[in-house]
Amino acid sequence: MMTKNQINEREQLEMLTIEQLVPKDHLVRKLDAAIDFHFIYPLVEHLYSATGRPSIDPVVLFKMTFIQYTFGIRSMRQTIKEIETNMAYRWFLGFGFHTEIPHFSTFGKNYARRFQETDIFEQIFYHILKEIMDRGLLSEDHVFIDSTHVKASANKRRYNKKIVRKETRAYEEKLQEELNLDREENGKKPFPPEKFERDEMKEIKESTTDPESGYYVKDERTKQFAYSFHAATDEKGFVLGTFVTPGNIHDSHMLQPLVEKVIEHVGKPIAVAADAAYKTPAITNFLLENQMLPVLPYTRPKTKEGFFRKQEYVYDEYHNAYICPNDQPLAYTTTTKEGYRQYKSKPTVCVNCPFLTQCTESKNHTKLIQRHIWEEYVEEAEHLRHHVEVKEIYAKRKETIERVFADAKEKHGMRWTTLRGLKKLSMQAMLTFAAMNLKKLATWTWRAA
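Treat the numbers as computed from the prediction; the structure is a model and nothing was measured.

Novice: I would appreciate a short explanation of the layout of surface pockets in the present structure.
Specialist: One water molecule sets the probe size; rolling that probe over the atoms shows where empty space is left. Here the largest pocket is characterised by a volume of approximately 1,300 Å³. Contributing to the lining of the largest pocket are 35 residues, with Thr299, Pro301, Lys310, Gln311 and Glu375 lying nearest its centre. Elements supplying a minimum of two residues to the lining of the largest pocket: strand E9 (314-316), strand E13 (368-372) and helix H15 (375-384). When grouped by side-chain class, the residues that make up the lining of the largest pocket number 16 nonpolar, 7 polar and 12 charged. Volume-wise, the second largest pocket comes out at about 600 Å³. Around the second largest pocket, the lining comprises 28 residues; the ones closest to its centre are Gln68, Ser75, Met76, Thr418 and Leu419. With 4 residues, the top contributor of residues to the lining of the second largest pocket is helix H7 (residues 105-115). Its residues placed into classes, the lining of the second largest pocket shows 10 nonpolar, 11 polar and 7 charged.

Novice: Mind showing me how you'd approach the environment of histidine 365 here?
Specialist: As for its position among the elements, histidine 365 is in the loop between helix H14 (356-359) and E13. Exposure remark for histidine 365: the relative accessible area of 28% places this residue in the partly exposed category. When the C-alpha positions of histidine 365 and lysine 151 are compared, they lie 47 Å apart, and in sequence the two are 214 residues distant. Contacts of histidine 365, omitting those with residues within four sequence positions, involve Ser345, Lys346, Pro347, Cys350, Val351 and Leu356.

Novice: Help me understand the nonpolar core in this model?
Specialist: Phe37, Phe115, Phe121, Ile145, Leu255, Phe433 and Leu438 are the most contacted members of the largest nonpolar core, which totals 99 residues. Residue contributions to this core peak at 12 residues, all from helix H18 (residues 422-448). Leaving out residues up to four positions away in the same chain, phenylalanine 115 has contacts with Val44, Leu47, Tyr48, Leu61, Phe62, Asn110, Ile120 and Phe121.

Novice: For this particular structure, what's the right way to read the packing of helix H4 (residues 58-70) against H7?
Specialist: For any two helices packed against each other, one specifies the crossing angle of their axes together with the interaxial distance. Contact geometry for H4 and H7: axes closest at 11 Å, N-to-C directions at 120°. By crossing handedness, the relation of H4 to H7 is classed as left-handed. Judged by residue contacts, Leu61, Phe62 and Thr65 of H4 engage Thr106, Phe107, Asn110 and Phe115 from H7. Taken together, the residues that form the contact of H4 with H7 break down as 4 nonpolar, 3 polar and no charged.

Novice: Honestly, the packing of helix H12 (residues 281-289) against H15 in this entry has me stumped. Any pointers?
Specialist: Close contact between H12 and H15 brings their axes to 8 Å; oriented N to C, the two are set at 75°. Considering the angle they form, H12 stands roughly perpendicular to H15. Contacts between H12 and H15 involve Pro281, Thr284, Asn285, Leu288 and Glu289 on the former and, on the latter, Tyr377, Val378, Glu380, Ala381 and Leu384. For the contact of H12 with H15, the per-class residue count stands at 6 nonpolar, 2 polar and 2 charged.

Novice: Quick question: what am I supposed to make of empty space enclosed by the protein here?
Specialist: Across all of its chains, the model carries 2 cavities of 30 Å³ or more by this definition. For the largest cavity, the calculated volume is near 100 Å³. Cys324, Asn326, Cys350, Cys353 and Cys359 are the residues nearest the centre of the largest cavity, which is lined by 15 residues in total. Contributing elements (two or more residues each) for the lining of the largest cavity: helix H13 (347-350) and H14. Partitioning the lining of the largest cavity into residue classes produces 11 nonpolar, 3 polar and 1 charged. Estimated volume of the second largest cavity: approximately 60 Å³. Contributing to the lining of the second largest cavity are Arg169, Ala170, Tyr171, Ser252, His253, Leu255, Gln256, Ala282, Ile283 and Phe286. Taken together, the elements giving at least two residues each to the lining of the second largest cavity come down to helix H11 (255-265) and H12. Ranked by the residues each element gives to the lining of the second largest cavity, the list is headed by H12, at 3 residues.

Novice: Which parts of the structure should I look at to understand the environment of tyrosine 216?
Specialist: Mapped onto the fold, tyrosine 216 is located in strand E4 (residues 214-217). Taking the relative accessible area as the measure of exposure, tyrosine 216 reaches 16% and is therefore buried. C-alpha separation for the pair tyrosine 216 and serine 228, spaced 12 residues apart in sequence, amounts to 9.4 Å. The contact partners of tyrosine 216, leaving out residues within four places of it in the chain, are His149, Thr222, Lys223, Gln224, Ala226 and Gly247.

Novice: Where do I start with the side chain of asparagine 285 in this structure?
Specialist: Relative to the assigned elements, asparagine 285 resides in helix H12. Its relative accessible area of 2% is what places asparagine 285 among the buried residues. Here lysine 174 takes part through its side chain, which lies 2.6 Å from a polar atom of the side chain of asparagine 285. Ignoring any residue separated from it by four or fewer positions in sequence, one finds asparagine 285 in contact with Lys174, Trp374 and Tyr377.

Novice: I would appreciate a short explanation of unusual backbone geometry in the present structure.
Specialist: With the exception of glycine, the majority of residues adopt a negative phi angle, and the majority of peptide bonds are in the trans configuration. With phi around 55°, glutamine 291 is a residue other than glycine that occupies positive phi space. Tracing the backbone through its elements, the reader meets glutamine 291 in the loop between H12 and strand E8 (293-295). On the accessibility criterion, glutamine 291 (59% relative accessible area) is exposed. Notably, aspartate 327 is not glycine yet its phi reads approximately 60°, a positive angle.

Novice: When you look at the state of the cysteines in this model, what are you seeing that I'm missing?
Specialist: What we call a disulfide is simply a covalent bond connecting the sulfur atoms of a pair of cysteines. For the structure on display, the rule yields 0 disulfides. Of the cysteine sulfurs around cysteine 350, a residue in no disulfide, the closest is that of cysteine 359, at 6.0 Å.

Novice: Help me understand the pattern of salt bridges, please; the structure alone is not making it clear to me.
Specialist: Oppositely charged side chains may form a pair once their charged atoms are brought near each other. Enumeration over the complete set of coordinates arrives at 22 salt bridges. Close ionic contact of aspartate 275 with arginine 397 constitutes a salt bridge, the shortest N to O distance being 4.0 Å. With aspartate 275 in the loop between strand E7 (271-273) and H12 and arginine 397 in the loop between helix H16 (388-395) and helix H17 (401-411), the pair connects residues that are 122 residues apart, well separated along the chain. For the pair aspartate 275 and arginine 397, one class covers both residues: buried. The network of salt bridges with shared partners includes Asp146, Asp275, Arg397 and Glu402.

What counts and how
Residues numbered from 1 in each chain as written. Predicted model: local features only at pLDDT ≥ 70, side-chain atom pairs only at ≥ 80, totals over all residues. Heavy atoms only, no water. 1 Å grid on protein atoms, 1.4 Å probe; cavity = no way out; pocket = protein on both sides within 12 Å on 5 of 7 lines; lining within 4 Å. Points joined across faces, edges and corners; volume = space filled by probe spheres on them. Helix = DSSP H or I, 4+ residues; strand = E, 2+ residues; numbered from the N terminus. Nonpolar A, V, L, I, M, F, W, Y, C, P; charged D, E, K, R; others polar. Buried < 20%, exposed > 50% of the residue type's maximum accessible area, 1.4 Å probe, protein only. Contact = heavy atoms within 4.5 Å. Core = buried A, V, L, I, M, F, W, Y, C linked by side-chain atoms within 4.5 Å. Axes fitted to C-alpha atoms, helices over the stretch in contact; angles between N-to-C directions. Left-handed = near helix turned anticlockwise from the far one by under 90°. Parallel < 35°, antiparallel > 145°, perpendicular 65-115°, else oblique. Polar contact = N/O pair within 3.5 Å; in protein donor to acceptor, adjacent residues only side chain to side chain. Disulfide = S-S within 2.5 Å. Salt bridge = Lys/Arg side-chain N within 4 Å of Asp/Glu carboxyl O.

Function-wise, these values are silent; they only describe arrangement.
Shown next, in the form of structure tokens:
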């Protein structure tokens with residue numbers, strides 16, 4: 001039998017408190033119990049004047065941002081609308097039924113006037129991380145690193161082409177020293193300093209809407225202006241550190257500074273796991289020389305179909321030469337300023353070789369092989385890849401860093417951004433990952449209570 005509700009209780013007078021309206025296991029209760037937000041006061045005290053009109057409580061300001069990023073609300077304007085009608089959010093902020101909610105522009109104005117040129121968001125992130133460490137929930141032995149692209153608030157068709165200087169890599173100075181030593185050991189003159197100081201230029205597409213974003217191309221369909229959010233997690237999925245760069249910066253350039261950040265705030269890991277994009281001579285050199293285990297995957301050979309692969313040419317370390325499949329030597333010729341030793345065959349020998357068509361398409365019948373001065377570190381990482389322990393660590397990537405990015409995009413509004421500029425995107429990254437860490441801390445400690 002169909003029933004029609006004839007009762008209208010909209011005007012019914014009730015006597016209750018907001019405390020009664022918030023479910024006992026609501027997430028805001030868990031967040032409130034997990035950490036004392038009063039830690040924010042000493043962090044921002046120096047940013048406020050001792051005179052003038054009373055300000056909005058800074059704890060309330062930051063709690064509003066945690067509501068936005070924890071519950072994946074798309075903007076501060078929408079967050080304020082949600083707070084107006086959501087009793088759980090009011091309870092979290094300490095507001096009553098009739099307390100006036102700050103205007104949505106309040107946080108933006110405070111950001112521009114007080115927080116923009118500070119590291120307050122990073123301090124909040126690391127305070128929450130320290131709370132997790134103090135409770136013994138962090139597992140810093142194995143660190144997982146990756147990046148994800150976040151679509152910028154910019155039209156991909158509105159840009160100017162611009163010539164800019166190539167970015168300096170973290171290992172540049174060390175590489176220059178070691179390749180010059182290598183040249184001297186092999187009877188070559190070292191490169192003069194001006195050779196390295198000469199600016200290398202490249203052409204980029206610069207957005208007219210958000211010039212600090214980078215043009216990112218994944219395939220024919222995925223071309224857009226974006227930012228890269230680089231992050232490191234532990235094996236339990238807690239985010240240990242993050243950097244934001246334009247979307248056209250290669251992932252591998254950020255591993256070293258990210259690991260150094262983790263070492264500074266958390267501790268030195270035993271192993272660092274990353275995907276194939278990070279399997280480079282510079283990264284394997286950095287990790288192994290600092291006694292960290294590189295956990296990197298198999299990478300497919302990039303040799304053209306029908307030709308000998310590089311591993312079919314045997315490196316003779318004693319004679320510093322390569323031996324081709326026809327047992328002929330490829331002698332050392334030089335070391336480039338990019339750090340690659342070059343080995344070349346003799347054209348007079350190769351011209352009559354039965355394997356010539358499988359070896360090279362060179363018009364002068366010369367086979368060239370390049371070997372980085374840190375190639376031995378890549379080979380060691382490849383050797384370690386077969387160890388059972390390394391395989392088990394790498395298998396956890398999908399449960400750690402990949403899951404963190406998936407959750408951030410699906411549940412915490414990180415699939416795209418409405419903000420513009422590196423500083424604001426760095427704020428978004430810090431607050432998003434701080435909210436995710438706090439949410440996990442709150443859930444775990446609530447169950448233990």
